[in-house]
Amino acid sequence: MHIYSPVHIIQYEGFPAISVKRDDLIDPYISGNKWRKLKYILQDAAAKRKSHLVTFGGAYSNHMLATAAAAARFGYKATAFVRGEEVENEMLLLCKLFGMKLQFIDREHYLDKKALFDNYFKNDLSAYFIDEGGASEQAVRGCAEIIDELPETYDYIFCAAGTGTTAAGLLRGVNQKGLDTLIHVVPVLKGGQFIEREIEKYEPEKNRLFMHTDYHFGGYAKTQPVLIAFMKDFIAKTGLLIDQVYTAKLFYAIYDLAAKKRLKEHAKIMVLHSGGLMGLLGHKEKFFNPTEVINT
Ligand SMILES: *Cc1c(COP(=O)(O)O)cnc(C)c1O
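Residues numbered from 1 in each chain as written. Predicted model: local features only at pLDDT ≥ 70, side-chain atom pairs only at ≥ 80, totals over all residues. Heavy atoms only, no water.

Undergrad: Would you explain the sheet that holds strand β4 (residues 77-83) in this entry?
TA: Whether parallel or antiparallel, the strands of a sheet pair through hydrogen bonds between backbone atoms. Pairing is parallel in the open sheet, where four strands are placed in the order β5-β4-β3-β6. Taken across any chain shown, the strands that pair with only one partner, and hence form the sheet edges, are β5 (101-105) and β6 (127-129). Neighbour-to-neighbour, the strand axes of the sheet open up by a mean angle of 25 degrees, direction not taken into account. In terms of strand pairing, strand β3 (residues 52-57) meets β4 through six bridges, oriented parallel. Residue Val54 lies in a different strand from β4, and its bridge partner there is Thr79. (Pairing = 2+ DSSP bridges. Helix = DSSP H or I, 4+ residues; strand = E, 2+ residues; numbered from the N terminus. Axes fitted to C-alpha atoms, helices over the stretch in contact; angles between N-to-C directions.)

Undergrad: It is not clear to me how the sheet that holds strand β7 (residues 156-161) should be interpreted in this structure. Could you clarify?
TA: Across the sheet, which stays open at both edges, the six strands sit in the order β1-β2-β10-β7-β8-β9 with mixed pairing between neighbours. At either margin of the open sheet sits one strand with a lone partner, and together these are β1 (7-10) and β9 (209-211). Direction aside, neighbouring strands of the sheet carry axes that sit 30 degrees apart on average. By the bridge criterion, three bridges tie β7 to strand β10 (residues 269-273) in an arrangement that is parallel.

Undergrad: How do you make sense of the packing of helix α1 (residues 33-47) against helix α2 (residues 62-74) when you look at a structure like this?
TA: Packed helix pairs are specified by the crossing angle of their axes together with the interaxial distance, meaning the distance between the axes. Interaxial distance between α1 and α2 falls to 10 Å at its minimum, and their mutual angle equals 50 degrees. Considered as vectors, α1 and α2 are oriented oblique to each other. With respect to the hand of their crossing, α1 and α2 are arranged in right-handed fashion. Only Asn62, His63, Ala66, Thr67, Ala70, Arg73 and Phe74 of α2 make contact with α1, whose side of the interface consists of Lys34, Trp35, Leu38 and Leu42. Broken down by class, the residue content of the contact of α1 with α2 amounts to six nonpolar, three polar and two charged. (Parallel < 35°, antiparallel > 145°, perpendicular 65-115°, else oblique. Left-handed = near helix turned anticlockwise from the far one by under 90°. Contact = heavy atoms within 4.5 Å. Nonpolar A, V, L, I, M, F, W, Y, C, P; charged D, E, K, R; others polar.)

Undergrad: How do you make sense of the environment of Pro6 when you look at a structure like this?
TA: Tracing the sequence through the fold places Pro6 in the segment before β1. Taking the C-alpha atoms as reference points, Pro6 and Gln244, separated by 238 residues in sequence, lie 23 Å from one another. Residues contacting Pro6, with those up to four places away along its chain left out, are Val20, Lys21, Arg22 and Leu25.

Undergrad: Can you walk me through the state of the cysteines in this structure?
TA: Think of a disulfide as a covalent bridge from one cysteine sulfur atom to another cysteine sulfur atom. Across all of its chains, the model carries zero disulfides by this definition. Here Cys143 is not disulfide-linked; the sulfur of Cys159 is the nearest cysteine sulfur, at 8.8 Å. Cys159 gets classed as buried once you look at its relative accessible area, which sits at 0%. (Disulfide = S-S within 2.5 Å. Buried < 20%, exposed > 50% of the residue type's maximum accessible area, 1.4 Å probe, protein only.)

None of the figures reported here should be taken as evidence of function without further support.
Dropping the structure here:
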């Protein structure tokens with residue numbers, strides 16, 4: 001299937017122009033890397049004659065929304081186990097509209113996903129297990145294809161990481177093609193060193209891998225005023241939407257590294273915009289801080 005993910009050049013402040021791979025444009029709901037990850041997962045489900053996708057996520061999970069939208073479009077039933085007590089939000093509304101069944105699960109029981117799947121679906125032969133975030137070997141394969149689509153060879157490719165699956169795919173793509181490109185990974189959660197080990201499980205050859213673990217801003221889905229200020233300024237000056245959970249931390253890292261002269265001068269840089277813009281729907285209060293309104 002043809003997908004739309006062009007490369008755009010952006011210029012921000014006094015920094016050199018960088019290329020952005022617009023995976024966010026693939027689809028608003030089956031967004032960015034989640035489309036890449038689901039591609040071979042859905043093929044596998046179809047090959048095994050499974051018609052019911054069962055997956056897992058937090059209440060703002062981009063993966064859950066992507067699975068719900070893909071299920072609706074390609075004719076699957078879908079169920080998600082949602083971590084924590086029952087809540088209502090914009091992401092879950094979209095999931096429900098796409099016909100996904102939501103099953104809220106307390107944090108303790110959520111930990112054992114295989115057990116949940118077995119408990120609820122041992123009699124449903126059509127049920128197909130998809131791990132949280134879509135993390136899987138199929139997902140790595142799907143993400144490696146990003147490298148095949150690039151119009152030129154870059155010195156650096158930057159991406160955000162939650163599970164590291166996307167980064168593993170990019171690294172695999174570069175290794176398979178024998179490119180000199182270095183893969184720079186920005187974990188969005190605290191203690192991001194573990195992500196390097198996750199990447200290694202899928203792609204052991206990691207000479208071209210660089211981790212930047214200091215840009216988590218307090219942890220997963222956490223923000224600080226400096227990140228929000230950067231995000232507002234960046235969006236207004238480039239026209240490129242980014243979200244506070246993943247891509248704002250990614251772009252902040254790039255400009256911070258550039259300002260500190262930690263990147264080679266004149267390096268050709270490609271950034272993967274991995275989508276996830278529906279995440280903007282959460283945390284609205286951060287963008288409507290009254291003191292900031294008065295100051296502008
Ligand atoms: C899920 C997500 C990621 C994290 O991808 P991993 O493969 O889990 O590392 C990055 N960016 C966006 C926008 C996402 O939605």
